[in-house]
Amino acid sequence: MIQKQQKLVLFGDSAFAEVAYEYFTHDSPYEVVAFTVHQAYLQKNTLFGLPVVPFEQLNSLYPPHQYSLFIALVYNQLNRIRKRVYEEAQEKGYQLANYVSSKAAVWHNVTMGNNVFIFEQNTVQPFVKIGNNVILWSGNHIGHHTVLHNHIFMASQVVVSGFCELGDACFVGVNATIGNNIRIGADCLIGAGALVVKDVPAKTLIKGIASSWDTVDTHTKFKIID
């Protein structure tokens, strides 16, 4: 049994927060002690027998010098909501926790920021750099020397080949494939099953094979508000 050495609060009370609770509880040194959401979205008082408290009161209830925080939100508004809460948590002074599954293969010289969550069966090869606030759902391959910038959400069974670079706030859907030496700009949405074989400019929606896509401003199409 893993010895619990650190106290953790999870931001969120929906499905990802429930999933994060399971992983942190059974496969990490963190003990989850509470959940938190913004006061306007507070709809329940407890979850898994633990309190759900207003984020606006978190500093007084669970002060940052004693508790860490993980932002358990997904990719709504092209990761903008998770990004905003991440920035609010930093302003409050919280240390943001990482989770790396014991069943993931992450090479020893991989670097990562904070609020990173890496599910089981991910393979992250040598010299990969992962930024802050990045979610890698289960079963992805991240090729050597690839750079994943901040606030990225990657769904399952994605293949990212070697020497790639993904910009801030990108979303990559299930079973997408990104070829070698590809650069993808910030704020791109790579659809499920897409095949990316050339560089992608920022704010682009990719569907199908990315040698013949129509460029769509993701901010306009999905009403992203920065």
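Reference entry: report on the structure contained in this document.

Quick notes on the rules
Residues numbered from 1 in each chain as written. Predicted model: local features only at pLDDT ≥ 70, side-chain atom pairs only at ≥ 80, totals over all residues. Heavy atoms only, no water. Helix = DSSP H or I, 4+ residues; strand = E, 2+ residues; numbered from the N terminus. Buried < 20%, exposed > 50% of the residue type's maximum accessible area, 1.4 Å probe, protein only. Lys, Arg positive; Asp, Glu negative; His and termini not counted. Charge placed at Lys NZ, Arg CZ, Asp CG, Glu CD. Contact = heavy atoms within 4.5 Å. Phe/Tyr/Trp six-rings, centres within 6.5 Å; stacked < 30°, edge-to-face > 60°. Expected span 1.5 Å × (residues − 1). Core = buried A, V, L, I, M, F, W, Y, C linked by side-chain atoms within 4.5 Å. Pairing = 2+ DSSP bridges. Right-handed = clockwise from strand over helix to strand, strands pointing away.

**Digging into the overall build of the chain**
Helix and strand counts for the chain come out as four helices and 23 strands. By residue count, 49% of the 226 residues in the chain fall in the buried class. With 16 positive and 17 negative side-chain charges, the chain shows a spacing of 3 Å between the two charge centroids.

**Observations concerning the environment of D13**
Within the fold, D13 resides in the loop between β1 (6-11) and α1 (15-26). A relative accessible area of 16% places D13 in the buried class. If we skip the residues at most four places from it in the chain, D13 touches V37, Y41, K44 and L47.

**Here's the deal with the packing of aromatic side chains**
Pairs of aromatic rings are described using the distance from one ring centre to the other and the angle between the two planes. This model, assessed by the stated rule, comprises 24 aromatic pairs. Aromatic pair F24 and Y99: ring centres 5.7 Å apart, planes at 65°, arrangement edge-to-face. With F24 in helix α1 and Y99 in strand β6 (residues 99-100), this residue pair connects regions lying 75 residues apart in the sequence. Look at F117 and F119: their rings are 4.7 Å apart centre to centre, the planes differ by 50°, and that puts the pair in the tilted class. We classify F117 as buried; its relative accessible area is 0%. When its relative accessible area of 2% is taken as the criterion, F119 is described as buried.

**What to know about unusual backbone geometry**
At L78, a position not held by glycine, the phi torsion is positive, near 50°. Along the chain, the position of L78 falls in the loop between β5 (68-71) and α3 (80-92). Using a relative accessible area of 6% as the deciding quantity, one classes L78 as buried.

**What about α3?**
In this model, α3 (13 residues) spans 18 Å end to end at C-alpha, consistent with the 18 Å of a helix rising 1.5 Å per residue. Where α3 is concerned, the buried positions are R80, R82, V85, Y86 and A89. Phi for G93, located one or two positions after α3, is positive at around 95°.

**Here we look at the nonpolar core**
The biggest cluster of nonpolar side chains holds 29 residues, and the ones touching the most others in it are I130, L136, M154, L166, I184 and I190. With near-sequence residues (within four places) excluded, I190 lies in contact with F171, V172, G173, A176, I184, V196 and I206. One finds A20, L47, F70 and F119 within the second-largest nonpolar core, a separate group that totals 26 residues.

**Topic: the sheet that holds strand β20 (residues 183-184)**
A sheet is described by the order of its strands in space; here five strands give the open sequence β8-β11-β14-β17-β20, paired in parallel fashion. Of all the strands in the sheet, just β8 (111-112) and β20 have a single pairing partner and so form its edges.

**Considering the pairing of strand β2 (residues 30-37)**
Across a regular strand the side chains alternate sides, sitting on one face of the sheet and then on the other. Extensive coverage of β2 is indicated by the burial of seven of its eight residues. Where β1 lies against β2, six bridges are found, and the strand directions are parallel. Its bridge partner lying in β2, V9 is registered against A34. Handedness of the crossover is the feature at issue here: the chain leaves β1, passes through α1, returns alongside β2, and the resulting connection is right-handed.

**Here's the deal with the sheet that holds strand β19 (residues 177-178)**
If you trace the six strands from one edge of the open sheet to the other, you get β7-β10-β13-β16-β19-β22, paired in parallel fashion. What marks the edges here is a single partner per strand, and that holds for β7 (105-106) and β22 (195-196).

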